[in-house]
Amino acid sequence: MTDAATTRRIGLLIPSSSSTQEPEFARVLPPHMSVHATRLPLTRIESDQTARVVETIELEARKLADAEVDVIALPATAPSSRGGAGGDQALIERIRAATGKKATTASTAMLQALERLGVRRLVLGAPWSPAVNQSVVAFLTAHGYEVLDEQSLGHVDNLTVGRLDETTAYDMGRRVDREDAELVMLACGNWRTMGVIDRLERELGKPVVSTNLVTLWGALRLCGGVDRLDGHGRLLRDHLAG
């Protein structure tokens, strides 16, 4: 039986139509760590909804704080990057001010992971629209990163994205990769990716990260409780401690 005193709890602010994020996190975490989620209204990955999704972030974050979570994460790249440089930090401050909890976002963790891995040039693949891809590219470019190529599957309905098999993420990773890219980023929290990260890294010979992977990594570094997780890429295996 897990000792309640040593249990770590990760709180997630996920889009209301997300169907993959809780299972993706749960499949990776050890028994002494648990995931607790509340939902923000979003059904379509479009500019107006990715802007409105964070309107109630304080209210929903307080609900997670009631469960005494150790950290609160917004595991959504499009909503947390659309505000440009500094927009992700503003969201973190809203969560902290409302709850007093440690907090992160997918975009914040993405930048931290790129820095930790020591890369500057990457490629981006995603299941959503080209317009959303461009917003994420602009966020990365504003922070000094070079996106050598970006591709998207063109889906707008978030439920449709949640139904995609993880082989679509594998295929995208293979397709978007370039020899001069130092890393492959697979963006979108409702896209199944965790099961293909290790395989892609072995085949491509470089780091591969995804929205859920970097968010989980960022949350774990804030709350502690584990120094290494195997089977899901080098970020969780080699760069979790310290």
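Quick caveat, the model's predicted, so the values are computed rather than measured.

(A) Expanded view of the overall build of the chain. Broken down by element type, the chain carries twelve helices and eight strands. By the compact-globule yardstick of 18 Å for 242 residues, the chain fits well, its C-alpha radius of gyration being 16 Å. Expressed as lengths along the three principal axes of its C-alpha atoms, the size of the chain is roughly 45 × 40 × 35 Å. The buried share of the chain, taken over its 242 residues, is 54%. For the chain, contacts bridging at least 24 residues in sequence account for 72% of all contacts bridging at least 6. Summed over all atoms, the accessible surface of the chain reaches about 9700 Å², with 47% contributed by carbon and sulfur. Taken as two groups, the 28 positive and 31 negative side-chain charges of the chain have centres that lie 1 Å from each other.

(B) View of the sheet that holds strand β8 (residues 208-210). Read from one edge of the open sheet, four strands run β6-β5-β7-β8, paired in parallel fashion. The sheet terminates laterally at β6 (146-152) and β8, the two strands that pair on one side only. Each strand axis lies, on average, 20° off the axis of its neighbour in the sheet, ignoring direction. Across six bridges, strand β5 (residues 121-126) lies against β6 in parallel orientation. Looking across to β6, one finds that A126 is bridged to S152. Together, β5 and β6 form the strand contacts of helix α7 (residues 130-142), whose direction differs from that of β6 by roughly 165°.

(C) The arrangement of empty space enclosed by the protein in detail. Taken as a whole and judged by the stated rule, the model has one cavity of 30 Å³ or more. Approximately 120 Å³ is the volume attributed to the largest cavity. Contributing to the lining of the largest cavity are 15 residues, with P15, A76, P79, N158 and C188 lying nearest its centre. Here the lining of the largest cavity takes three residues from helix α4 (residues 77-81), the largest share from any one element. Split by residue class, the lining of the largest cavity holds nine nonpolar, six polar and no charged.

(D) Highlighting the pairing of strand β1 (residues 8-15). Counting buried positions over the eight residues of β1 gives six, a clear majority of the element. Inspection of the sheet shows β1 paired to strand β2 (residues 33-40) by eight bridges, in the parallel sense. Its bridge partner lying in β2, P15 is registered against L40. Following the backbone out of β1, through helix α1 (residues 21-28) and into the adjacent parallel β2, one traces a crossover that is right-handed. Two strands pair when backbone bridges link them, and β1 and strand β3 (residues 71-74) are joined in this way by three bridges, in the parallel orientation.

(E) The arrangement of the environment of T105 in detail. As for its placement among the helices and strands, T105 is situated in strand β4 (residues 102-105). Residues T105 and R175, 70 residues apart in the sequence, show an inter-C-alpha distance of 27 Å. Ignoring any residue separated from it by four or fewer positions in sequence, one finds T105 in contact with L74, S80, D88, L91 and I92. Among the polar contacts made by the side chain of T105, one reaches the main-chain amide nitrogen of S107 at a distance of 3.3 Å.

(F) Helix α9 (residues 167-176), seen in detail. Listed in full, the buried residues belonging to α9 are A169, Y170, M172, G173 and V176. On an axial view of α9, the arc spanned by its buried residues comes to 165°, and they lie on one face.

Parameters at a glance
- Residues numbered from 1 in each chain as written.
- Predicted model: local features only at pLDDT ≥ 70, side-chain atom pairs only at ≥ 80, totals over all residues.
- Heavy atoms only, no water.
- Helix = DSSP H or I, 4+ residues; strand = E, 2+ residues; numbered from the N terminus.
- Rg over C-alpha atoms; globule rule 2.2 N^0.38 Å.
- Buried < 20%, exposed > 50% of the residue type's maximum accessible area, 1.4 Å probe, protein only.
- Contact = heavy atoms within 4.5 Å.
- Areas by Shrake-Rupley, 256 points an atom, 1.4 Å probe, with all protein chains shown as cover.
- Lys, Arg positive; Asp, Glu negative; His and termini not counted.
- Charge placed at Lys NZ, Arg CZ, Asp CG, Glu CD.
- Pairing = 2+ DSSP bridges.
- Axes fitted to C-alpha atoms, helices over the stretch in contact; angles between N-to-C directions.
- 1 Å grid on protein atoms, 1.4 Å probe; cavity = no way out; pocket = protein on both sides within 12 Å on 5 of 7 lines; lining within 4 Å.
- Points joined across faces, edges and corners; volume = space filled by probe spheres on them.
- Nonpolar A, V, L, I, M, F, W, Y, C, P; charged D, E, K, R; others polar.
- Right-handed = clockwise from strand over helix to strand, strands pointing away.
- Polar contact = N/O pair within 3.5 Å; in protein donor to acceptor, adjacent residues only side chain to side chain.
- Arc of directions from axis to C-beta.

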